[in-house]
Every structure is written in structure tokens, then in C-alpha cells.
Amino acid sequence: MNDDVIATVEQSATPAGAPADLDKSPRVSSRAPKDGAAEMTNFEIVSHYFDLAADSLDMEPDLRSVFRSAYREVQVQIPVRCLDGKIHVFSGYRVQHNGARGPYKGGVRYHEEVDLDEVRALAALMTWKTAIAQIPFGGAKGGINCPAGQLSSDELQRITRSFIDKIEKVLGPTRDIPAPDMNTNAQVMAWMMDEYGKLHGHTPAIVTGKPISLGGSLGREEATGRGIVYMFREAARSLALRPEETRVVVQGFGNVGSWAARLFCQLGCKLVGASDVDGAIQSPIGIDPEMLLAHIRAGGKLPEYSGPGVEAITAEELLQLDCEVLVPAALGGTIHAGNADSIRARLIIEGANSPTTPTADEILNQKGTFVVPDVIANAGGVVVSYFEWVQNLQHFRWGEREVNEKLGVILRRAYREVGARALRDQLPLRVAAYALGIERVLEAAKDRGYV
Ligand code: GLU
């Protein structure tokens, strides 16, 4: 196995040409937490939550150190000649955090600010997420620090193929299975599968989130958004919230946010605010998410959308809107000490990974805001990825209804189990969720004789 870590030269690139087929980025705010925890990096934030859960499990320090660092971190150089005629050098990362429970699993994000610390944090989150959902995977994450929104489809294809060529030795359908994440989509997965196939033969189970034509699963594209709505249905019971009385704000109207918005509205809720990288809007009457999506797909900017009662607001005003449910579905660190207190939502369902800083989390806990943490709230994506992988190994396609039903069973079980642990040990849901995940990974690691 070639485990070489190749040093890279980082360089930004801004070639012209809009991508034809890339998922609209839901980037909204800076990832840097703007609070007392300002100096905490993404990985430190995840490690902080890990420690709170490890404390609740009385875990010894030497055992903790096994999970504090990743099993393997690969960094590769991706030099690509872009449309401006120049060679741009990007950095690609794949971090495999823990594989005790099965092959490494996790998405690949394309974003100019991606760095090793972020990918490392997101890989650890995947380890806990797959364990909490009880799907037989470990945790991994990948990323390339490219300005995805400014690249052409052709440039993205070259970057993607070059990345796979360089990390293929650590991938495999029983080794590590990438998937979409921020700014990557079914098309990017198709290129990954094709590139891997050139070296290893046709291997659909090497990535998930593929187009349906190449072995993708029905229901995968909307799975994360659907999972968020399943979580709402569970939490709404505890909060006595009825859909027809529920106003929802979605921060980050990308794949996850726009699907969540559509499915919330199908349930009878009202979308009263939405935002993306271009700005934010609100309407007390309600925003039609289908119309908003059509406007964006036709090339319009989100803040320029006009509908009944719609007005443009700032990204910070969006978070303070009067509503029952807030879904952060963009970058990490959106909810921080500087804005947590002004959030009026009773329920926050974390569609994004790591949207809440530790200080903000404490403020929200003290205020009594009900937070469904990322590790269960957005697990719908990886759960249907698991179904896709199973279908690929079976060479058999399941119906969409079957996919959605099985997704509901897994997510409801995860929610119930996390809720029961929170109640038993008097912990916030996030810490209870991590504790359950850690316990399961530890058990598998012990059974293998790793620890
Ligand atoms: N990127 C998604 C996540 O953060 C999905 C990962 C997957 O399907 O493997 O959970």
C-alpha cells in the first residue's frame, strides 16, 4: 500500500467559467467561530464534544488518545491547468479517522477554505455518526481546497480525476468509500467511480451518491433533507409542535437545505426564511421553496427572489427570525457566542456538520433551546449511502419507498436511543449521542483486539 503523504504548495485559483452541473453552494458565513472559543479550530471543537462524552463514560486518558487522532491522513498535490491557461496547484485530503466498525465512509467537499484541520474534524464526526446510526462503517472525510463555484465543469472533472488517481490505493469498496458533501454532487461521484474503474474494473460500490444511471440509490439526493424532517417529527412530539403551526428558517439553501425546506412544506410547515451564499430573505406569509428553487435554477440570486411578503435581510437577521425551527445547513461555526442568545427558534436541527460552537451550545442549553445535533440530524445522507452500497454489492435496486421507510426506521431508532441515554445520564442530546457512538466504536475496537 502506498501511504505516501505528498507535501503540497497551496495556491488560490480563480479561473473563469461557471459550473454547469455543480450543486449550488450553500456557503453563508465564515467557518471561524466568533466567540470565546474563537481560537478553537474545527478539530478542537469536535474534540471538546468528544471529551464531554468521554467524561460521561469515565474513559481513561490513554484510550481517549486513540480516538483523538486519525488512523491515516493523506494529503496530495493536485496541479491542474485551468481555463486561464495557467497551472493551479490545489491540495487534496483524505482523512480516515477510525475503521473499527467497518470500511471508512464519508464525503468529499470542495471549498477554497478546506484544510487538514477541517477534514480531520469532519472525519471524526463521521466515525460517531455511523456508530450512532448503527451502520457498519468507520469514519472518513475528504476535501480539496478549490474554489468550486468558480470552476468550469471541465476543470472540476480534471481535479476530481487527479485526486482519485492519487488516493486510489487507500480507497476501495471494503476499504474507504467516498460520497458527496459540500459542493460535490452525483456528477462528481460519477467521475470518481469512472476513474477508479479505469484502474480496478467497474466498481460501483467505490462511491455513493452516484447518478441513478450508474448505480445510485433512489432517494439518496434528498436523504439528508428527509432525515432532518424525520428528526423534526420526533422532536416535535416532545415540544408539542404541530406542523401547521411551525415556521421554519433554513440557513443554507443548497442540496440539504432546499430538500429539507421542500419536505417541511409538504408536511404543512411554513418556510419563513432562507439564505445562501448570495444573501438571505424572509416572508412572514411563507416562501414557496419550489418557486425559490426554480428561480435559482434559472440563474437568479436568492436575495432577488420576489414572492408574497418576501424581503431581503442580512445573514445575521435570518438567524434571529421569529420561528419555531431553525435548520443551519451551511458551513460549520454559524451559531456562535455572538448570536446564540438572539436565536428565537425553539428547535434547532443541525443539517450542517458542526454548525454550533461549544460556547453557543452552552448558551442554547441554558436557554432551553432544543438542539438535535449534527451526528443524528444529518445522518440521513450516510444512511442512504449505506443502502446504496448494499444495493451495489447485491447488484439489485430497491424501490424509493423501501429506501425511505428503512431510512425512517434507522433514524427513529437512533433518535430514541440518544434520547434514552440523555435521560438516563442527564446529558444534552449531543453529548449523549457522542457517548453512544464512542461506546460502540470502543466495543468493536476491543473485540478486534486493537485496544
Ligand atoms: N457528506 C455526508 C455527511 O457528512 C454524507 C457522507 C456519506 O454519504 O458517506 O454525512
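Note that residues are indexed from 1 along each chain, following the sequence as it is written. This being a predicted model, a pLDDT of at least 70 is required before a residue's local features are given, and a value of 80 or more before pairs of side-chain atoms are given or counted; all residues contribute to the totals for chains, interfaces and linings. Neither water nor hydrogens contribute to the side-chain values; these are computed over all heavy atoms in the structure.

**Remarks on the pattern of salt bridges**
A pair is scored as a salt bridge if a Lys or Arg side-chain nitrogen falls within 4 Å of a carboxyl oxygen belonging to Asp or Glu. Here the structure, examined in full by the defined rule, presents 29 salt bridges. Salt-bridge contacts for Arg94 lead to Asp176; the nearest nitrogen and oxygen are separated by 2.6 Å. Here Arg94, found in strand β2 (residues 87-98), pairs with Asp176, found in strand β5 (residues 176-180); they are 82 residues apart in sequence, far enough to count as distant. Across this residue pair, the class does not change: Arg94 and Asp176 are buried. The closest approach of N and O atoms between Glu417 and Arg440, which form a salt bridge, is 2.8 Å. Taken together, the residues Glu417 in helix α13 (residues 400-425) and Arg440 in helix α14 (residues 429-448) connect sequence positions 23 residues apart. When salt bridges with common partners are traced through the structure, they connect Asp51, Asp55, Arg64 and Arg68 into a single cluster. Secondary structure elements are defined from DSSP: runs of H or I of at least 4 residues count as helices, runs of E of at least 2 residues count as strands, and each element is numbered from the N terminus. Classification of residues uses two cut-offs on accessible area relative to the type maximum, computed with a 1.4 Å probe and protein chains only: under 20% is buried, over 50% is exposed, and between them is partly exposed.

**With respect to the pairing of strand β4 (residues 139-144)**
The buried fraction of β4 amounts to six of the six residues, a majority that puts the element mostly inside the structure. Of the two faces of β4, both are covered, the one formed by Gly139, Lys141 and Gly143 as well as the one formed by Ala140, Gly142 and Ile144. Strands were regarded as paired on the criterion that DSSP finds at least two bridges between them. Relative to β4, β2 runs antiparallel, the two sharing six bridges. Bridge pairing in β4 places Asn98 opposite Gly139. Alignment of strand β3 (residues 104-110) against β4, held across three bridges, turns out to be parallel.

**Comments concerning the site of the ligand**
Neighbouring residues of the ligand: 14 residues in total, closest Lys105, Lys129, Pro180, Asp181 and Ser385. A distance of 2.7 Å separates a nitrogen atom of the ligand from a polar atom in the side chain of Asp181. Within the side chain of Ser385, an N or O atom sits 2.5 Å from an oxygen atom of the ligand. When the ligand sits alone it has 290 Å² of accessible area, and the protein chains cover 95% of it. When contributions to the shell around the ligand are tallied by element, the ones reaching two or more residues are β3, α3 (116-132), β5 and α12 (380-394). Residues are sorted three ways: Asp, Glu, Lys and Arg are charged, Ala, Val, Leu, Ile, Met, Phe, Trp, Tyr, Cys and Pro are nonpolar, and all the rest, Gly among them, are polar. Among the residues making up the shell around the ligand, the classes are represented as four nonpolar, five polar and five charged. In these notes, residues near a molecule or strand are those with any non-hydrogen atom within 4 Å of it. What qualifies as a polar contact is a pair of N or O atoms within 3.5 Å, subject to a donor-acceptor requirement within protein and to the restriction that residues adjacent in sequence count only when both atoms come from side chains. Areas reported as accessible are Shrake-Rupley estimates using a 1.4 Å probe. Residue values count occlusion only from the protein chains shown.

**Here we look at the sheet that holds β2**
Across the sheet, five strands lie side by side as β1-β2-β4-β3-β5; this open sheet has mixed pairing. Strands with a single pairing partner mark the edges of an open sheet, and in this sheet they are β1 (72-81) and β5. Geometrically, the sheet is characterised by an average inter-axis angle of 20° between neighbouring strands, direction not taken into account. To define axes, lines are fitted to C-alpha atoms, for helices over the stretch in contact only, and angles between the resulting N-to-C directions are given on a 0 to 180 degree scale.

**Observations regarding the packing of aromatic side chains**
Remark: the centre distance and the inter-plane angle together describe each pair of aromatic rings, the angle taken between the planes. Each Phe, Tyr or Trp ring (for Trp, its six-membered ring) is paired with any other whose centre lies within 6.5 Å, and the angle between the two planes then decides the class: stacked below 30 degrees, edge-to-face above 60, tilted in between. By the definition in use, this model includes 11 aromatic pairs. A centroid spacing of 5.8 Å and a plane angle of 70° characterise the contact between Phe67 and Trp128, whose relative ring orientation is edge-to-face. With Phe67 in helix α2 (residues 61-68) and Trp128 in helix α3, this residue pair connects regions lying 61 residues apart in the sequence. Grouping residues by exposure puts Phe67 and Trp128 together as buried.

**Quick word on the sheet that holds strand β6 (residues 247-251)**
Backbone-to-backbone hydrogen bonds pair the strands of a sheet. The strands run either parallel or antiparallel. Spatially, the seven strands line up as an open sheet ordered β9-β8-β7-β6-β10-β11-β12, and their pairing is mixed. With one partner strand each, in any of the chains shown, β9 (311-313) and β12 (370-372) form the two edges of the open sheet. Direction aside, neighbouring strands of the sheet carry axes that sit 20° apart on average. Inspection of the sheet shows strand β11 (residues 347-349) paired to β12 by three bridges, in the parallel sense. Among the inter-strand pairings, Ile348 is bridged to a residue of β12, identified as Val371.

**Notes on helix α4 (residues 153-167)**
Taking 1.5 Å as the rise per residue, α4 with 15 residues should run 21 Å; its terminal C-alpha atoms sit 21 Å apart, in good agreement. Along α4, the residues that are buried comprise Glu155, Leu156, Ile159, Thr160, Arg161, Ser162, Phe163, Ile164 and Ile167. By definition in these notes, contact holds between two residues if any of their heavy atoms fall within 4.5 Å. Residues of α4 that are buried sit in contact with β1, β2, β3, β4 and α5 (186-200). An expected span of 1.5 Å times one less than the residue number is assigned to each helix.

**Some thoughts on the packing of helix α7 (residues 255-267) against helix α8 (residues 289-297)**
Running from N to C, α7 and α8 cross one another at 150°; their axes reach a closest spacing of 9 Å. Here α8 runs roughly antiparallel to α7, going by the angle between their axes. Contacts from Ser258, Ala261, Arg262 and Cys265 of α7 reach α8 at Pro289, Glu290 and Leu293. Residues of the contact of α7 with α8, tallied by class, amount to four nonpolar, one polar and two charged. These descriptions rest on fixed angle ranges, namely under 35 degrees for roughly parallel, over 145 for roughly antiparallel, 65 to 115 for roughly perpendicular, and the rest for oblique.

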